[in-house]
Amino acid sequence: MKIVPPPYRIKVVEPLEMTTRAEREAYLEEAGYNPFLLPSKAVYIDLLTDSGTGSMSDNQWAGMMIGDEAYAGSNNFYHLQETIEEIMGFRYVIPTHQGRGAENILFTVMLKEGDIVPNNMHFDTTKAHVQYRKAKALDLVIDEAYDPSSQHPFKGDMNTEKLREVLTRDGDRIPLVMMTVTCNSGGGQPVSMANLREVSEIAKAFGKPLYIDSARFAENAYFIKLREEGYQDKAIAEIVKEMFSYADGATMSGKKDALVNIGGFAAFKDEEMYRKSTVWAVFFEGFPTYGGLAGRDLEAMARGLKEVLDFDYLAYRTGQIKYLADRLLEAGVPIMEPAGGHAVYLDALRFLPDMPREHFPAFALTSALYLEGGIRAVEIGSVLAGRDQETNENVYSSLELVRLTIPRRTYTERHLDAIADAVISLYQNPTRVKGLKFIYEPPVLRHFTARFNYV
Ligand code: F0G
């Protein structure tokens, strides 16, 4: 596949050091076979996440020098607020230390015990925030999302029939409807404009506000431009504007499509919601014009939000994901198709068809990949899914995935080739992947700190 050269050149570099296999074996044992517990210096290519791991531009770094560190009313806050209003159309903005800070504020205002939150697919922190309030996180994504080989162009779409049903049946328990763009837990798959529009119409008909979890909004807009009828000639900025026109507010992790290493925000159209939220902003994050961030961070986020709308950047970024996906597909490696916006997802159930589910095949694959090439990936499968709230049984999720998450503006095609080589070599030698069992299992968000050993 032809890949365009990156629309930037490299001005600052960060050295990487390759370890020996024996060193990696020791590091992995020390980390309890959990990639989250590996020190970064032990990792050669870090694909744990695309969150806060990207490279900022010279323009963003320059902006950091004009950070106004006033406690209240920083210049950079106003710049951020104006930028969000211009790009997304939300008048009211509360910066937060990252996306989950915004979720915390929104759900503190909106949720009570027994409520239900319909979403195409909750990200794990969003789900945890809902469940922490003894409310139910309901995933209503279309069935195709659960079929890794379905070529549906918008596998992040919500099943609107199911949304109507639940609003009709349990409307009094539903304070808001959410849409996650792109749908991270479903493979970085986009949501179509048509679906966003329809979800918004349904929510409106039932008198419910719609909030967009917008971590990867620009990548979503790129896929709309590429794949949806009627958007080919529209600029990314126009598409983004239309996407958010259907929503009443948004939560944002700036660590993704605001191209920063830390930061986020909650944004609202409604002044009343903003007022209620500021109380909790002060409580959890800080005064509502800084929200746990330095003035310089607000400036970097404002500038990143504009940079991310560049078509060439988005084409190159998603092109990298497609390049890696194509290399794996050529070798027959089972992955989630079509390639998403920020990661390639290995389908561990087809990669390791003989490994029992209780040996956590996707998690086991992350260990093997680290040993193979010093590559750190992340499981999006049954360890992440946790236990059933009622029965306390392990939830064996319908998808058992390994996410090879590509940081923004960070790695080259040579890195991608090294990743592909390591994955292909394991696929051809599956006995090198050994199943895992828990030796320590924390009660919530277990994937972050659990420890394992080989079965
Ligand atoms: N929503 C989505 C869709 C996300 O992917 C994330 C984070 C969040 C919300 C929370 O934002 O991390 O800034 O607090 N996703 C990261 C990931 C952690 O690796 O996919 P945060």
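A. Region of the structure containing the site of the ligand. Neighbouring residues of the ligand: 16 residues in total, closest Thr49, Arg100, Asp213, Ser253 and Lys256. Between the ligand and Thr49 there is a distance of 2.7 Å, counted from an oxygen atom to a side-chain nitrogen or oxygen. Between the ligand and Gln98, the relevant distance is 2.8 Å, taken from an oxygen atom to a side-chain nitrogen or oxygen of the residue. Within the complex, 94% of the 470 Å² of free accessible area of the ligand lies under protein.

B. The domain arrangement of the protein, seen in detail. Taken domain by domain, the protein comprises domain 1 (21-50 + 310-454) and domain 2 (58-307). Computed from C-alpha atoms alone, the centre-to-centre distance between domain 1 and domain 2 is 26 Å. Listed by partner, the interface residues are 31 residues for domain 1 and 33 residues for domain 2. Of the roughly 2600 Å² buried where domain 1 meets domain 2, counting both sides, 55% is carbon and sulfur surface. Across the pair Asp50 and Arg216 runs a salt bridge, and its minimum N-O distance is 2.8 Å. Linking domain 1 with domain 2 are 16 residue pairs in polar contact (both at pLDDT 80 or more), by the criterion used here. Contributing elements (two or more residues each) for the side of domain 1 that touches domain 2: helix 12 (311-330), strand 9 (343-347), helix 15 (382-385) and helix 17 (446-449). The greatest single-element share of the side of domain 1 that touches domain 2, amounting to six residues, is contributed by helix 12. A per-class count over the side of domain 1 that touches domain 2 returns 15 nonpolar, seven polar and nine charged.

C. Examining the sheet that holds strand 12 (residues 401-405) more closely. Read from one edge to the other, the open sheet built from three strands follows the order 9-12-11, with strand pairing classed as antiparallel. Two strands close off the open sheet at either side, each with one partner strand: strand 9 and strand 11 (378-380). Going from strand to strand, the sheet's axes swing by 35 degrees on average, the running direction of each strand aside. The pairing of strand 11 with strand 12 spans three bridges and is antiparallel. Residue pairing for strand 12: Ile380 is matched across the bridge by Leu401. Its contacts with the sheet put helix 14 (residues 361-373) on strand 9, strand 11 and strand 12, and the angle it makes with strand 12 is roughly 45 degrees.

D. Structural detail: the nonpolar core. Judged by nonpolar contacts, the single largest core of 61 residues is most densely connected at Ile84, Leu163, Phe217, Met243, Phe265 and Leu305. Considering every element that reaches this core, the biggest residue donor is helix 8 (residues 217-227), with six residues. Two domains each put at least three residues into this core: domain 1 (21-50 + 310-454) and domain 2 (58-307). Ignoring any residue separated from it by four or fewer positions in sequence, one finds Ile84 in contact with Gly89, Phe90, Val93, Phe265, Ala267 and Leu305.

E. Here's a closer look at the packing of helix 7 (residues 193-205) against helix 9 (residues 236-245). Two elements in contact, helix 7 and helix 9, have axes separated by 9 Å at closest approach and are oriented at 25 degrees. When the axis of helix 7 is compared with that of helix 9, the two are roughly parallel. Residues Met193, Leu196 and Arg197 of helix 7 form the contact with helix 9, whose participating residues are Ile239, Glu242 and Met243. Each residue belonging to the contact of helix 7 with helix 9 can be placed in one class, and the counts come to four nonpolar, no polar and two charged.

F. Structural context of the pattern of salt bridges. Under the criterion given, the structure shown has 28 salt bridges. Arg197 is the partner of Glu242 in a salt bridge, and the nearest nitrogen-oxygen pair spans 3.1 Å. With Glu242 in helix 9 and Arg197 in helix 7, the pair connects residues that are 45 residues apart, well separated along the chain. The exposure class assigned to Glu242 is buried, which follows from its relative accessible area of 19%. What makes Arg197 partly exposed here is its relative accessible area of 29%. Residue Glu372 pairs with Arg432 through a salt bridge whose shortest N-O separation is 2.7 Å. Of this pair, Glu372 sits in helix 14 while Arg432 is found in the loop between helix 16 (413-428) and strand 13 (436-440), placing the two residues 60 residues apart along the sequence. Residue class for Arg432 comes out partly exposed when judged on its relative accessible area of 35%. Connected via shared salt-bridge partners are Asp50, Arg216, Glu219, Asp257, Arg317 and Arg408.

G. Spotlight on the environment of Val43. With respect to the helices and strands, Val43 occurs in the loop between helix 1 (21-30) and strand 1 (45-46). The class for Val43 is buried, based on a relative accessible area of 5%. Excluding residues within four positions of it along the chain, Val43 makes contact with Leu38, Tyr370, Gly374 and Arg376.

H. Just the packing of aromatic side chains, in detail. For the structure on display, the rule yields 20 aromatic pairs. Between the aromatic rings of Tyr71 and Tyr290, the centroid separation amounts to 4.9 Å while the plane-to-plane angle is 65 degrees, which identifies the pairing as edge-to-face. In this pair, Tyr71 is assigned in the loop between helix 2 (58-64) and helix 3 (75-88) and Tyr290 in the loop between helix 10 (271-284) and helix 11 (295-307), connecting sequence segments 219 residues apart. Tyr71 gets classed as exposed once you look at its relative accessible area, which sits at 55%. Their ring planes at 40 degrees and their centres at 5.5 Å tell us that Tyr222 and Phe311 sit as a pair that is tilted. Of this pair, Tyr222 sits in helix 8 while Phe311 sits in helix 12; the two residues are 89 residues apart in sequence, bridging distant segments of the chain. Geometry around Tyr313 places Arg409 over its ring, the cationic atom sitting 5.9 Å from the centre. Directly above the ring of Tyr454 sits Lys434, whose terminal nitrogen or CZ lies 5.9 Å from the centroid.

About the thresholds
Residues numbered from 1 in each chain as written. Predicted model: local features only at pLDDT ≥ 70, side-chain atom pairs only at ≥ 80, totals over all residues. Heavy atoms only, no water. Near = heavy atom within 4 Å. Polar contact = N/O pair within 3.5 Å; in protein donor to acceptor, adjacent residues only side chain to side chain. Areas by Shrake-Rupley, 256 points an atom, 1.4 Å probe, with all protein chains shown as cover. Domains from an automatic or database assignment. Contact = heavy atoms within 4.5 Å. Buried area = accessible area lost by both parts, 1.4 Å probe. Salt bridge = Lys/Arg side-chain N within 4 Å of Asp/Glu carboxyl O. Helix = DSSP H or I, 4+ residues; strand = E, 2+ residues; numbered from the N terminus. Nonpolar A, V, L, I, M, F, W, Y, C, P; charged D, E, K, R; others polar. Pairing = 2+ DSSP bridges. Axes fitted to C-alpha atoms, helices over the stretch in contact; angles between N-to-C directions. Core = buried A, V, L, I, M, F, W, Y, C linked by side-chain atoms within 4.5 Å. Buried < 20%, exposed > 50% of the residue type's maximum accessible area, 1.4 Å probe, protein only. Parallel < 35°, antiparallel > 145°, perpendicular 65-115°, else oblique. Phe/Tyr/Trp six-rings, centres within 6.5 Å; stacked < 30°, edge-to-face > 60°. Lys NZ or Arg CZ within 6 Å of the ring centre and 35° of its normal.

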